[in-house]
Amino acid sequence: MTMAAAIEGQTAGTRTWPNAIRVAGVDIFHDLTAAEATWRSLETPQHSYTPYQRFDFLASWQRQVGEREGLRPFIVVAHDGERRPLLLLPLAVEQRLGANCASFMGGKHATFNMALYDRDFAANATEADITALIGSIAERSRVDALMLCQQPLRWQDQPNPMVLLPHQASVNDCPLLVIEPGAAPASLVSNSFRRRLKGKERKLQALPGYRYHVADNSADVCRLLDWFFRVKPQRMAEQKLPNVFAEPGIEQFIRTACLAPRADGKGYAIDIHALECDEEVIAIFAGVSDGHRFSMMFNTYTMSANSKFSPGLILMRDIIDRHAGLNYRALDLGIGSDEYKRLFCKDDEAIVDSFIPLSLRGKPAATALSAISRAKRAVKQNPALFEIAQNLRSMFR
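An unreviewed UniProt entry lists the chain under the name CelD/BcsL family acetyltransferase involved in cellulose biosynthesis, from Bradyrhizobium macuxiense.

**Q** I'm lost on the sheet that holds strand β19 (residues 347–349) in this one. Help?
**A** Within a sheet, adjacent strands bond to each other through the backbone by hydrogen bonds, running parallel or antiparallel. Spatially, the seven strands line up as an open sheet ordered β14-β15-β16-β17-β18-β13-β19, and their pairing is mixed. The strands lining the two open edges of the sheet, one partner per strand, are β14 (211–214) and β19. The average angle at which neighbouring strand axes cross in this sheet is 30 degrees, direction not considered. Inspection of the sheet shows strand β16 (residues 281–289) paired to strand β17 (residues 293–301) by seven bridges, in the antiparallel sense.

**Q** Honestly, the side chain of Thr 302 in this entry has me stumped. Any pointers?
**A** For Thr 302, the position within the fold is in the loop between β17 and α9 (311–325). Of the residues examined, Thr 302 reaches a relative accessible area of 2% and is grouped as buried. For Thr 302, the side chain forms a polar contact with the side chain of Glu 280, separated by 2.8 Å. When sequence neighbours within four positions are dropped, the list of residues in contact with Thr 302 reads Trp 227, Arg 235, Glu 280, Val 281, Ile 282 and Ser 307.

**Q** In this structure, what is going on with the environment of Ser 187? I would like to understand it.
**A** One can find Ser 187 in helix α5 (residues 185–188). Classification of Ser 187 as exposed rests on a relative accessible area of 51%. Taking C-alpha positions, Ser 187 is 28 Å from Gln 381, a pair spaced 194 residues apart along the chain. Here Ala 184 takes part through its backbone oxygen, which lies 2.6 Å from a polar atom of the side chain of Ser 187.

**Q** Just checking my understanding: could you explain the UniProt feature "domain: BioF2-like acetyltransferase" (unreviewed entry) in the chain for this structure?
**A** The positions UniProt marks with the feature "domain: BioF2-like acetyltransferase" (unreviewed entry) are residues 192–342. As annotated, residues 192–342 has a helix share of 42% and a strand share of 21%, and its two end C-alpha atoms lie 15 Å apart.

What counts, and where the lines are drawn
Residues numbered from 1 in each chain as written. Predicted model: local features only at pLDDT ≥ 70, side-chain atom pairs only at ≥ 80, totals over all residues. Heavy atoms only, no water. Pairing = 2+ DSSP bridges. Helix = DSSP H or I, 4+ residues; strand = E, 2+ residues; numbered from the N terminus. Axes fitted to C-alpha atoms, helices over the stretch in contact; angles between N-to-C directions. Buried < 20%, exposed > 50% of the residue type's maximum accessible area, 1.4 Å probe, protein only. Polar contact = N/O pair within 3.5 Å; in protein donor to acceptor, adjacent residues only side chain to side chain. Contact = heavy atoms within 4.5 Å. UniProt positions renumbered as here; feature names shortened; annotations may be inferred.

Structure representation (structure tokens):
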């Protein structure tokens with residue numbers, strides 16, 4: 001069985017692997033357009049991938065954010081002996097600690113990172129398959145290390161084969177709400193909490209035109225995003241937080257992804273859920289979904305007096321009820337353990353990082369990056385250390 005890599009359109013040398021290994025070759029693309037057809041062909045029910053790895057989501061991020069930050073696409077496609085794609089790793093390369101390091105596209109805007117897999121390959125991949133993949137990447141590229149962060153152990157009912165690599169716990173876990181089939185509403189949001197929210201919502205229900213809805217047309221999407229980018233900076237300034245949405249390319253990325261139709265025709269690459277009345281937008285939550293799980297990305301709520309009625313919590317309850325009614329099986333509110341997340345998400349989903357050296361230059365970089373990640377997790381897991389870190393950050397801001 002021959003392993004061949006096509007790098008920037010040129011076929012490299014060959015290498016023979018045992019017949020038991022399904023990875024027969026690797027193609028590496030440094031251009032989004034060149035990889036697009038293969039990438040989109042993996043976005044079907046016969047494949048396993050998170051909505052954060054859809055082409056429209058990551059292509060928008062790379063073009064609007066990644067390029068501005070100097071990241072270069074490094075898209076790895078592994079195929080079998082008949083050149084059928086087995087997986088696609090959507091990576092980008094940057095300089096870290098003097099080494100060329102490849103990490104998942106999407107940066108901090110992707111809660112979960114994973115390859116797009118053929119479902120049969122994902123279910124049956126072995127350590128030998130992944131070793132063959134890594135060995136080929138090392139031989140056919142100038143990448144020194146792989147930084148594969150925030151990977152789920154599984155997605156839906158499928159394992160994530162890349163966690164067969166050495167890995168460690170990510171800096172943060174992800175609060176998770178598991179939705180059992182036919183779950184009673186009270187098992188998702190308790191009756192006592194629902195009563196408290198109902199009491200607050202009665203004040204909002206008195207507002208003319210009060211409603212919960214999901215933006216389903218471009219005019220609604222643009223209107224809600226205009227409001228978000230006007231209000232979010234005010235909300236963050238009030239909390240003495242930096243406005244990350246003002247960083248170069250972020251607004252353009254979000255606007256593009258929110259308007260990109262999904263291939264299955266069920267909404268956009270990013271969905272926007274909103275509470276509104278005739279007078280104003282009251283709150284929004286935006287996230288990605290795939291028929292199985294909703295994953296929140298960003299949110300904010302009004303600066304008006306209506307904010308005292310907990311519109312964000314009311315909207316979250318509505319989102320949970322909506323997705324339970326659509327037979328979703330899970331919901332998360334993003335990385336981190338903010339208090340409001342714990343009101344809804346009682347479980348934690350473990351996510352892992354792998355720092356894999358591919359060259360002599362990559363070994364110290366991978367070791368250092370792994371140690372930095374472990375230290376950050378230790379700080380986050382220790383309330384006293386975390387408070388000290390927060391105070392130091394405030395001092396230097």
